[in-house]
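Structural overview
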Amino acid sequence: VLRYLDPWTAHTGLTYTVTRVYESIETPFQRIEVFEAEDFGTVLALGGVTNVTDRDESAYHELLAHPPLLCHPNPRRVLIIGGGDGGTLREVLRHPTVEEAVLVDIDGEVIRCARQYFPKLAAAFDHPRARVLVDDGLAYVERAAAAGERFDVVLVDSTDPVDAAVELFTEKFYRSCKAVLGGTGVLVPQSDSLTFCMERVVDIHRKLAGIFGAVTPYAGHCLTYPGGYWAFMGATDGVALAPGRVDAARVAALGDDLRYVNEPLLRALFALPQYVVRALAGGGPTDPPSLCDRPPVD
Ligand code: SAM
């Protein structure tokens, strides 16, 4: 039996039973592995950690896209940094107000693998309202800011802060995002594990709070990411994310294809455990202690 271990900490991890290996390649940016696993379907691992599985991809992608798009009064232009599997793009395009969704991933090989092994996610790449670019996320946002481009929502669907993704967790990157949001839009980065990596969650929150007028954390269940409980943060100088802003009619208009979010759940995502509330309010040591083996960047 072939097993694949995704290490969550130095001592704990998620073990897949692999039934078929499709890809195992090294690109200039990362190691890409695609395989078929019992219970999880097709799995994409980048740098040795799970990025997408058939089983739970909908939860993560719906959590990243729908809270900011539903809280923004009229999201028309959306930028996705990373997200080369296409899942976040698919969710963004469900919103009829969105006229253009631009996806910028640094690694064209992730996009190629998505087209080959995750056709239901990759279908979004060919949507008439989608523009897919292979480019570095920080360089793209800096150029867009200098050119005076504007986006209503920026979603950071990145790998964890290692290798090429380190720059996507820096104040420099967040400031460039702020510039393209033009005072009204919302930035949401995926913001790490509330179970194992509170140091990073606190670090991302602290950086965003130093740059944006309002930062609203929320969280949901992502089965195959460390600890299964994942943070997101809505950062804005305009209309902040809030349970009361989730418009029931707009949720209903998204149709029957949603698998994870619904109106009551969207309102409940903002309720966080007390140890999280405490850590984000005061910093300091987290309880339970963080088991993250990698220090915050910057
Ligand atoms: N949901 C996933 C997770 O949390 O593990 C993220 C999935 S998505 C496939 C992550 C993408 O970020 C990868 O395709 C990777 O190529 C991309 N990425 C990493 N660093 C980047 C950068 N500096 N600019 C643009 N994309 C980047």
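Residues numbered from 1 in each chain as written. Predicted model: local features only at pLDDT ≥ 70, side-chain atom pairs only at ≥ 80, totals over all residues. Heavy atoms only, no water.

**Observations concerning the overall build of the protein chain**
Regarding its fold elements, the protein chain presents 10 helices and 12 strands. Expected size for 298 residues packed as a compact globule is a radius of gyration near 19 Å; at 18 Å, the protein chain falls within 12% of this value. Taking the principal axes of its C-alpha atoms as reference, the protein chain extends roughly 55 × 45 × 40 Å. When each of the 298 residues of the protein chain is scored for burial, the buried share is 56%. Look at the contacts in the protein chain between residues 6 or more apart in sequence, and 68% of them connect residues 24 or more apart. Approximately 12000 Å² of the protein chain is accessible, and the part contributed by carbon and sulfur atoms is 53%. (Helix = DSSP H or I, 4+ residues; strand = E, 2+ residues; numbered from the N terminus. Rg over C-alpha atoms; globule rule 2.2 N^0.38 Å. Buried < 20%, exposed > 50% of the residue type's maximum accessible area, 1.4 Å probe, protein only. Contact = heavy atoms within 4.5 Å. Areas by Shrake-Rupley, 256 points an atom, 1.4 Å probe, with all protein chains shown as cover.)

**Notes on the side chain of His61**
Note that His61 resides in helix H1 (residues 57–71). Side chain to side chain, His61 and Glu57 meet in a polar contact 2.9 Å long. Residues contacting His61, with those up to four places away along its chain left out, are Asp85, Gly87, Thr88, Arg90, Glu91, Leu121 and Asp157. (Polar contact = N/O pair within 3.5 Å; in protein donor to acceptor, adjacent residues only side chain to side chain.)

**Considerations on the packing of helix H7 (residues 198–209) against helix H10 (residues 274–282)**
Viewed as axis vectors pointing N to C, H7 and H10 meet at an angle of 45°, and their least axial separation amounts to 9 Å. By the criterion of interaxial angle, the relationship of H7 to H10 is oblique. Of the two possible hands of crossing, H7 and H10 adopt the one that is right-handed. Judged by residue contacts, Met198, Val201, Val202 and His205 of H7 engage Tyr275, Val276, Ala279 and Leu280 from H10. Classifying every residue of the contact of H7 with H10 by side-chain character gives 7 nonpolar, 1 polar and no charged. (Axes fitted to C-alpha atoms, helices over the stretch in contact; angles between N-to-C directions. Parallel < 35°, antiparallel > 145°, perpendicular 65-115°, else oblique. Left-handed = near helix turned anticlockwise from the far one by under 90°. Nonpolar A, V, L, I, M, F, W, Y, C, P; charged D, E, K, R; others polar.)

**Comments concerning the nonpolar core**
Within soluble globular proteins, side chains that are nonpolar tend to cluster in buried spots. Val78, Leu89, Val92, Leu155 and Phe232 are the most contacted members of the largest nonpolar core, which has 39 residues in total. Mapped by element, the contributors of at least two residues to this core are H1, strand E6 (77–82), helix H2 (87–92), strand E7 (100–105), helix H3 (108–117), strand E9 (153–157), strand E10 (186–193) and strand E12 (229–236). The leading source of residues in this core is H1, at 7 residues. The residues touching Val92, leaving out its near neighbours within four places in the chain, are Ala65, Leu69, Val78, Ile80, Val98, Ala101 and Leu155. Ranked by size, the runner-up nonpolar core spans 38 residues in total, among them Val104, Val141, Tyr174 and Val215. (Core = buried A, V, L, I, M, F, W, Y, C linked by side-chain atoms within 4.5 Å.)

**Considerations on the pairing of strand E3 (residues 31–37)**
With 5 of 7 residues buried, E3 lies mostly within the body of the structure. Pairing between strand E2 (residues 13–26) and E3: 7 bridges, direction antiparallel. Residue pairing for E3: Ile25 is matched across the bridge by Ile32. Counting the residues between successive antiparallel strands, the hairpin from E2 to E3 contains 4 residues. Bridging between E3 and strand E4 (residues 41–46) involves 6 bridges; their strand directions are antiparallel. (Pairing = 2+ DSSP bridges.)

**With respect to the site of the ligand**
Taken together, the neighbourhood of the ligand is formed by 26 residues, with Tyr60, Asp105, Gly137, Ala164 and Tyr225 sitting nearest. Here a nitrogen atom of the ligand sits 2.9 Å away from a polar atom, N or O, in the main chain of Ala164. Alone, the ligand offers 590 Å² of accessible surface; in the complex the protein occludes 99% of this. Taken together, the elements giving at least two residues each to the shell around the ligand come down to strand E5 (49–53) and E7. Residues of the shell around the ligand, tallied by class, amount to 9 nonpolar, 10 polar and 7 charged. (Near = heavy atom within 4 Å.)

**Some remarks on the sheet that holds E4**
Taken in spatial order, the 5 strands make up an open sheet running E1-E2-E3-E4-E5, and their pairing is antiparallel. Looking along the sheet, the strands with just one partner apiece sit at the ends: strand E1 (2–7) and E5. On average, each strand axis in the sheet is inclined to that of its neighbour by 50°, with strand direction left out of account. H3 contacts E2, E3 and E4 of the sheet and is inclined by roughly 110° relative to E2.

**Topic: helix H6 (residues 171–181)**
Those residues of H6 that sit buried are Phe173, Tyr174, Ser176, Cys177, Val180 and Leu181. All buried residues of H6 fall inside an arc of 160° around its axis, so they share one side. Gly182, located one to two residues past H6, shows a positive phi value of around 60°. (Arc of directions from axis to C-beta.)

**Concerning the packing of helix H5 (residues 137–146) against H6**
Interaxial distance between H5 and H6 falls to 9 Å at its minimum, and their mutual angle equals 40°. The two elements H5 and H6 meet at a crossing, and its hand is left-handed. Contacts between H5 and H6 involve Gly137, Leu138, Val141, Glu142, Ala144 and Ala145 from the first element and Lys172, Phe173, Ser176, Cys177, Ala179 and Val180 from the second.

Keep in mind that these numbers describe shape and distance, not what the molecule does.
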